[in-house]
Amino acid sequence: MTVVERREIALVDLLDRLLAGGVVITGDLTLRIADVDLVRIDLNALISSVNENVPSPFEELA
């Protein structure tokens, strides 16, 4: 094994790295019976940290 393969990362550190750069989650789910689509769910989500450079979209309007 190389050094990179044996390296352990704490979950908090991994989450910190992901939020610092941002994460995009995309997915599709279709419930189908007898080739008939009954339910379709599309997911598009952007998860990112908020700081001075990237303000929150939920700030109160003055």
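Right, let's walk through the structure included here. All of these numbers come straight from a predicted model, not from anything done at the bench.

Things to note about the overall build of the protein
When helices and strands are counted, the protein shows two helices and two strands. Within the protein, the proportion of its 62 residues that are buried is 0%. A total accessible area of about 6,300 Å² is found for the protein, and carbon and sulfur atoms account for 58% of it.

Structural notes on a nonpolar patch on the surface
A cluster of nonpolar side chains, Leu29, Leu31, Ile33, Val36, Leu38, Val39 and Ile41, forms an exposed patch at the surface whose accessible area comes to about 640 Å². Sorting the residues of the nonpolar patch by element identifies strand 1 (23-33) and strand 2 (36-47) as the ones contributing at least two each. Ranked by residue count, the leading element in the nonpolar patch is strand 2, at four residues. Its place among the elements puts Leu38 in strand 2.

What to know about the pattern of salt bridges
Scanning the model with the defined rule gives two salt bridges in all. Between Arg32 and Asp37 there is a salt bridge whose closest N-O contact spans 2.8 Å. The salt bridge partner of Arg40 is Asp42, with a shortest N-O separation of 3.3 Å.

With respect to the pairing of strand 2
Here strand 1 pairs with strand 2 via eleven bridges, running antiparallel. Of the residues in strand 2, the one forming a bridge with Leu31 is Val39. Between strand 1 and the antiparallel strand that follows it, strand 2, lie two residues; Ala34 among them carries a positive phi value of about 55°.

Here's the deal with the environment of Leu31
For Leu31, the location among the structural elements is in strand 1. As for Leu31 and Ile41, which are separated by ten residues in sequence, their C-alpha atoms are 8.8 Å apart. When residues no more than four places from it in sequence are discounted, the contact partners of Leu31 are Val36, Asp37, Leu38 and Val39.

What to know about the environment of Ile41
Positionally, Ile41 belongs in strand 2. Judged by its relative accessible area of 44%, Ile41 is partly exposed. Considered as a pair, Ile41 and Asp28 are 13 residues apart in the sequence and their alpha carbons are 5.8 Å apart. When residues no more than four places from it in sequence are discounted, the contact partners of Ile41 are Gly27, Asp28 and Leu29.

How each quantity is defined
Residues numbered from 1 in each chain as written. Predicted model: local features only at pLDDT ≥ 70, side-chain atom pairs only at ≥ 80, totals over all residues. Heavy atoms only, no water. Helix = DSSP H or I, 4+ residues; strand = E, 2+ residues; numbered from the N terminus. Buried < 20%, exposed > 50% of the residue type's maximum accessible area, 1.4 Å probe, protein only. Areas by Shrake-Rupley, 256 points an atom, 1.4 Å probe, with all protein chains shown as cover. Patch = residues over 30% accessible without salt bridge, like charges linked within 9 Å, V, L, I, M, F, W, Y side chains within 5 Å. Salt bridge = Lys/Arg side-chain N within 4 Å of Asp/Glu carboxyl O. Pairing = 2+ DSSP bridges. Contact = heavy atoms within 4.5 Å.

Remember that the coordinates give geometry; whether it matters functionally is a separate question.
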